[in-house]
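A closer look at the structure
For reference, the chains in residue letters:
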Amino acid sequence: MMKDKELKPYGSGFFYRIPVGIKVGFFKWWIAGAVYFFLGFGSAPELQGSPVHIFSMGAVLGLLNSYVVAPVVRDMTRINPPENPWLTVRRRGPLGTLMNILAGVMLVGLVVLSYVGINSVYTRISGTEGAVLLQVEPILFGLFYLTYEFLWRLLVRVLDKRRGH
């Protein structure tokens, strides 16, 4: 009698047993951190936090969501986009890409506002002008991005239930 490993070589093993949500979350966190690593660390210090910087990082994340993350998530979950709860934007095509870019810019803007807010609260509490508690770095940037992306998907899911979809 054949074992499960022989019948489905890619459907068994350690990574197969990890829940889909954890795999998708790790992948999205890694993509966001990599984008910050290359664009955040790679840009001039005077550009960091500027509207151009926020737009460029959001646009790159939106394009990666459309052309890298969405196909991988679809293959991981085996769920098509209109019903896939793991996608930031569930629409395909040029309109879906545009929506992903806009969502990416919005999410990166929220991440930047989080850093600014946390550091300004710390400055007021500590009483030192210009004190920085959190420096922007890929790991925490990806975690903030993933948190806001999760809240976005949760909001979309709640709105879908209210509309009866």
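Note that the structure is a prediction, hence the values are computed from the model and not measured.

Cut-offs applied
- Residues numbered from 1 in each chain as written.
- Predicted model: local features only at pLDDT ≥ 70, side-chain atom pairs only at ≥ 80, totals over all residues.
- Heavy atoms only, no water.
- Helix = DSSP H or I, 4+ residues; strand = E, 2+ residues; numbered from the N terminus.
- Buried < 20%, exposed > 50% of the residue type's maximum accessible area, 1.4 Å probe, protein only.
- Contact = heavy atoms within 4.5 Å.
- Areas by Shrake-Rupley, 256 points an atom, 1.4 Å probe, with all protein chains shown as cover.
- Lys, Arg positive; Asp, Glu negative; His and termini not counted.
- Charge placed at Lys NZ, Arg CZ, Asp CG, Glu CD.
- Expected span 1.5 Å × (residues − 1).
- Polar contact = N/O pair within 3.5 Å; in protein donor to acceptor, adjacent residues only side chain to side chain.
- Axes fitted to C-alpha atoms, helices over the stretch in contact; angles between N-to-C directions.
- Parallel < 35°, antiparallel > 145°, perpendicular 65-115°, else oblique.
- Left-handed = near helix turned anticlockwise from the far one by under 90°.
- Nonpolar A, V, L, I, M, F, W, Y, C, P; charged D, E, K, R; others polar.

1. What to know about the overall build of the protein chain
Scanning the protein chain from N- to C-terminus turns up 6 helices and 0 strands. Its C-alpha atoms give the protein chain principal-axis dimensions of about 70 × 35 × 30 Å. Counting every position in the protein chain, which comprises 165 residues, the buried fraction comes to 36%. In the protein chain, the proportion of contacts linking residues at least 24 apart, taken out of those at least 6 apart, comes to 62%. Surface summary for the protein chain: the accessible area is close to 10,700 Å², and the carbon and sulfur share equals 69%. Put simply, the protein chain has 17 plus and 9 minus side-chain charges, and the middle of one group is 9 Å from the middle of the other.

2. Describing the environment of W86
Along the chain, W86 falls in the loop between helix 4 (51–77) and helix 5 (93–126). Expressed as a C-alpha distance, the spacing of W86 and N100, which sit 14 residues apart in the sequence, is 13 Å. What W86 contacts, discounting residues up to four positions off in sequence, is V20, G21, V24, K28, V73, T77, E149 and R153.

3. Points about helix 6 (residues 138–163)
The terminal C-alpha atoms of helix 6 lie 37 Å apart, and with 26 residues this matches the ideal 38 Å at 1.5 Å per residue to within 8%. Listed as buried for helix 6 are P138, F141, G142, F144, Y145, L146, E149, R153 and D160. One side-chain oxygen at the N-terminal end of helix 6 lies 2.9 Å from the backbone nitrogen of I139; it belongs to E137. Looking at the residues trailing helix 6, positive phi occurs at G164, about 85°.

4. Section: the packing of helix 3 (residues 20–40) against helix 4
Running from N to C, helix 3 and helix 4 cross one another at 150°; their axes reach a closest spacing of 10 Å. Judged on the interaxial angle alone, helix 4 and helix 3 are roughly antiparallel. Helix-helix and strand crossings are classified by hand; for helix 3 and helix 4 the assignment is right-handed. From helix 3, V20, K23, V24, F27, K28, I31, A32, V35, Y36, L39 and G40 reach across to helix 4, where they touch H53, S56, M57, V60, L61, L64, V68, V69, V72, V73, M76 and T77. Looking at the contact of helix 3 with helix 4, its residues break down into 17 nonpolar, 4 polar and 2 charged.

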